[in-house]
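Here is how the chains run, residue by residue.
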Amino acid sequence: MSAEAPAKTPRTASSVHDVMAEKPPFGSRFLTEDADVWSQNAWDHVPPPDDQDEVISAALTRQKSAPVPEDDKAKYNEKPARHWDNFYKMNANNFFRNRKWLHLEFPELKAAAESDAGPMTVVEIGCGAGNAVFPLLSSNQNPHLKLHAYDYSSHAVKLVQNNPLYTSPPVGTIQSAVWDLTSHTLPPDLEPGSVDIIILIFVLSALHPSEWANAVSNVHKLLKPGGRVLFRDYGRYDLTQLRFKGGRLLDENFYIRGDKTRVYFFELVPDELALLFTGSSAPAASREHSAVQIVEENEEQSDSDLSPSGGPITPPKLSHESSSGTTTPSLEEAQRSLDSLSIEASKQAAPKAGAVHPILLQPLPLAEGSHPLFSIQQLGVDRRLIVNRKRQLKMYRVWMQGKFCKL
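Starting afresh in each chain, residues are numbered from 1 along the sequence in its written order. For a predicted model such as this one, the threshold for reporting local features is a pLDDT of at least 70, and the threshold for listing and counting side-chain atom pairs is 80 or more; totals across whole chains, interfaces and linings nevertheless cover every residue. Hydrogen atoms and water are omitted, and side-chain values are computed over all heavy atoms in the structure.

Participant: Please explain the overall build of the protein as it appears in this structure.
Facilitator: In terms of helices and strands, the protein carries 12 helices and 13 strands. To sort residues, take the accessible area from a 1.4 Å probe on protein chains only and compare it with the maximum for the residue type: under 20% means buried, over 50% means exposed, and anything in between is partly exposed. In the protein, buried positions account for 55% of the 407 residues. In this description, contact between two residues means that some pair of their heavy atoms is separated by no more than 4.5 Å. Long-range pairs, those at least 24 residues apart, make up 81% of the contacts in the protein between residues at least 6 apart in sequence. Of the roughly 17900 Å² of accessible surface on the protein, 53% is carried by carbon and sulfur atoms. Only runs of H or I of at least four residues qualify as helices and only runs of E of at least two qualify as strands under DSSP, and these elements are numbered from the N terminus. For the accessible areas, the method is Shrake-Rupley and the probe is 1.4 Å, while residue cover comes only from the protein chains on display.

Participant: In this structure, what is going on with the pattern of salt bridges? I would like to understand it.
Facilitator: Side-chain pairs of opposite charge can arise whenever the charged atoms involved come near each other. The term salt bridge refers to a pairing of a side-chain nitrogen on Lys or Arg with a carboxyl oxygen on Asp or Glu at a separation within 4 Å. Scanning all chains against the criterion turns up 10 salt bridges. Where Asp196 meets Lys224, a salt bridge forms, and the shortest distance between an N and an O atom there is 3.1 Å. A residue pair is termed long-range when its members are at least 10 positions apart, and Asp196 in strand E6 (residues 195–201) and Lys224 in strand E7 (residues 223–234) qualify at 28 residues. On the basis of relative accessible area, Lys224 is assigned to the partly exposed category, the value being 30%.

Participant: Any chance you could explain the environment of Val381 here in plain terms?
Facilitator: Among the structural elements, Val381 can be located in strand E12 (residues 374–388). Under the relative-accessibility criterion, Val381 is labelled buried at 1%. With 147 residues separating them along the chain, Val381 and Tyr234 place their C-alpha atoms 9.6 Å apart.

Participant: I tried to follow a positive patch on the surface on my own but got confused; where do I start?
Facilitator: Residues Lys75, Lys79, Arg82 and Lys260 make up a contiguous surface patch of positive charge. Its location among the elements puts Lys260 in the loop between strand E9 (254–256) and strand E10 (262–264). Only residues above 30% relative accessible area that lack a salt bridge enter a patch, with like-charged residues linked at up to 9 Å and the nonpolar side chains Val, Leu, Ile, Met, Phe, Trp and Tyr linked at up to 5 Å. Charged residues are defined here as Lys and Arg on the positive side and Asp and Glu on the negative side; His and the ends of the chain fall outside this count. For the purpose of locating charges, the reference atoms are NZ of Lys, CZ of Arg, CG of Asp and CD of Glu.

Participant: Looking at this structure, how should I read the sheet that holds E9?
Facilitator: Within a sheet, each strand pairs with its neighbour through backbone hydrogen bonds, oriented either parallel or antiparallel. Strands pair, by our definition, only if DSSP identifies at least two bridges between them. The strand order E8-E9-E10 describes an open sheet built from 3 strands, whose pairing is antiparallel. Every interior strand has two partners, whereas the edge strands, strand E8 (249–251) and E10, have only one. Between one strand axis and the next, the sheet turns through 30° on average, direction left out of account. With 2 bridges connecting them, E8 and E9 associate as antiparallel partners. Residue pairing for E9: Asp251 is matched across the bridge by Phe254. For every element, the axis is a line fit to its C-alpha atoms; helices are fit only across the contacting stretch, and the angle between N-to-C directions ranges from 0 to 180 degrees. Lying over the sheet, helix H2 (residues 70–77) contacts E8, E9 and E10, oriented at roughly 80° with respect to E8.

Participant: Can you walk me through the side chain of Lys403 in this structure?
Facilitator: Within the secondary structure, Lys403 is located in strand E13 (residues 393–406). Given a relative accessible area of 10%, Lys403 falls into the buried group. Throughout this description, a polar contact denotes any pair of N or O atoms lying within 3.5 Å of each other; where both atoms belong to protein, one of them has to be capable of donating a hydrogen while the other can accept it, and for residues adjacent in sequence the pair is counted only when both atoms sit in side chains. For Lys403, the side chain forms a polar contact with the side chain of Glu108, separated by 3.0 Å. Setting aside its immediate chain neighbours within four residues, Lys403 contacts Glu105, Phe106, Pro107, Glu108, Val229, Leu230, Ser375, Ile376, Gln377 and Gln378.

Participant: Just to check I follow, could you spell out the pairing of E7 for this structure?
Facilitator: A regular strand places its side chains on the two faces of the sheet in alternate fashion. Note that E6 and E7 share 6 bridges and pair parallel. Across the sheet, Ile201 pairs through a bridge with Arg232, a residue of E7. Handedness rule for crossovers: strands pointing away from the viewer, path from the first strand over the helix to the second running clockwise, crossover right-handed. The parallel pair E6 and E7 is bridged by helix H9 (residues 212–222), and the resulting crossover is right-handed. Where E7 lies against E13, 7 bridges are found, and the strand directions are antiparallel. Bridge assignment links Arg228 to a residue of E13, and that residue is Cys405.

Participant: Sorry if this is basic, but what is going on with the packing of aromatic side chains here?
Facilitator: The geometry of an aromatic ring pair comes down to the distance between the two centres and the angle between the two planes. By convention, a stacked pair of Phe, Tyr or Trp rings (six-membered ring in the case of Trp) has centres within 6.5 Å and planes under 30 degrees apart, an edge-to-face pair has planes over 60 apart, and any other such pair is tilted. Within the structure shown, the criterion is met by 15 aromatic pairs. Summarising the aromatic geometry, the rings of Trp212 and Phe266 are spaced 5.3 Å apart at their centres and angled 35° between planes, so their arrangement reads as tilted. You can see Trp212 sitting in helix H9 and its partner Phe266 sitting in the loop between E10 and helix H11 (272–278), a full 54 residues away along the chain. In this pair, the class of Trp212 matches that of Phe266, namely buried.

Participant: Is there a simple way to explain unusual backbone geometry in this structure?
Facilitator: As a rule of thumb, non-glycine residues mostly have phi less than zero, and peptide bonds are mostly trans rather than cis. Following His371, the chain continues to Pro372 via a peptide bond in cis, the omega torsion being 5°. Secondary-structure assignment places Pro372 in the loop between helix H12 (331–346) and E12. Of note in this structure, Asn253 is not a glycine but carries a positive phi near 60°. Of note in the backbone geometry, Lys260 takes a positive phi value of approximately 75° without being a glycine.

Participant: Help me understand the pairing of E6 in this model?
Facilitator: In terms of burial, E6 is largely enclosed, as 7 of its 7 residues are buried. When strand E3 (residues 120–125) meets E6, the two strands line up parallel, connected through 3 bridges. Residue pairing for E6: Glu124 is matched across the bridge by Ile199.

Participant: I tried to follow the nonpolar core on my own but got confused; where do I start?
Facilitator: Soluble globular proteins tend to pack their nonpolar side chains together in the buried interior. We call a set of buried Ala, Val, Leu, Ile, Met, Phe, Trp, Tyr and Cys residues a nonpolar core when their side-chain atoms join them within 4.5 Å. One finds Leu181 and Phe231 to be the most contacted residues of the largest nonpolar core, which totals 49 residues. Elements that contribute at least two residues to this core include exactly E3, E6, H9, E7, E9, H11, E12 and E13. For this core, the leading source of residues is H9, giving 6 residues. Sequence-distant contacts of Phe231, defined by excluding residues within four places in its chain, comprise Phe106, Leu200, Leu204, Phe266, Leu273, Phe277, Met400, Gln401, Gly402 and Phe404. Membership of the second largest hydrophobic core comes to 40 residues, among which are Phe134, Tyr166, Leu242 and Ile386.

Fair warning: the whole summary comes from geometry, so function is off the table for now.
Listed below in C-alpha cells is the structure:
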C-alpha cells in the first residue's frame, strides 16, 4: 500500500512582500531540512536558483536578436480592444479562474462587503468576464455596495451582463459597460470623485506605455479623496516574459502575444510603479529583500498564465532542477540568502540601464494636476515557484502588487 500523501497546508495570508517593510514576512509553510519540495503545494520564501541570471540573459538575448519589425509595430498598437474581443469570443469565460484569492491580498474588498460597511462604490477596470467582481458580489452582505465593471472589450462586457449574478444580484447592485481606461472621458454612469476603491488586476500591462499617464489620470479623477487603487500585474522576468521567442518584442519589456494582445513586465527596483503613481521612487526599504514562495500549479489563480500562444506554459529548462527536489534550500539557507540580498541590494544606488521605461524618467503628461497624485500604502513583489507535482516541473513567477491612496 502506498504511503498516505501529506496533508496540504492552505495559504492563509497575503504572499506579497511589502517593500515598505524592513523584513520579509514569514508565512505558515516552511521548508525544513527534512522536507521534500514536492510534498506540499506551497513553501514560503525560497530564493530563486543560482543560475536564474543566466536564464534571464539567454532569454533576453534571444528576444532582442529578433524584435517585431518596425513596420509591423503600428498594427499591434492600433485598436487593441479588437484583439481582446477575439480572445473572449474564443475563450468566453472559461480561460481565467475566479479570483477567490482577492480577500487575502486585498482585505479592503472583504471589508467593503460587510453588512455594516455602509455606502461603498467599487469599480473594476479591465473586468474581463467578471472573475473579480462576481466572487465579491457572491459573498457580499452589504446592501449599499455598488459594483461597476468596465472593459474596452465589448464581448467581455456581454459575458458579464449575461452572468446570472449580474441579472439577479443577491445583495447590492452591479453595472457593467464598455469603457476604455485610456480615453479622454469618464464612464457616463459615474461622477468624478465618487469611487471608494478601484481594482486594476493585470490591466496596465496591457496598455502601451504612452497610455499610462492618461490611465492614471482617469483613475485619480474617479476616486474620492482617500480612495484606493488595488493593483496587481506582471513583474520583470516573470516566466511568461522569458518564454517569448523571436518576433514578439515590441519595446523594452513590452511584448505581443500570439493572439495579438500586448503585455508589459514592470520592474520593482528601480520603482516603475512608484514613479507612475507618485512621481518619485519608493522608500529605500524597497531595495532590501526579495521573497519567493512555492505553490502548486493548480492551486492559485491562472489570471496571469496567458502564454504567448494561448496554450499552457512550458518553463525553460533550469540546470539546477532534479526529480527529487533535494537541491531546494532549507529555511536556514533561505534566510541567509535573503540577508545577503539585503546587503547587496543596499549597495545599488544607480538604476540599471534600461530598467525603467524612458517615459517614466520624465514628468508624465497628466491630464490634470501633477504628481504626487497618490501615496503608497503597499508596494510589493510576489515571487513564487509554481510546482507541478505530477510532471515534476518548477516554474518561477513574479507579480507586482500595490495599494495607492488618492491624495
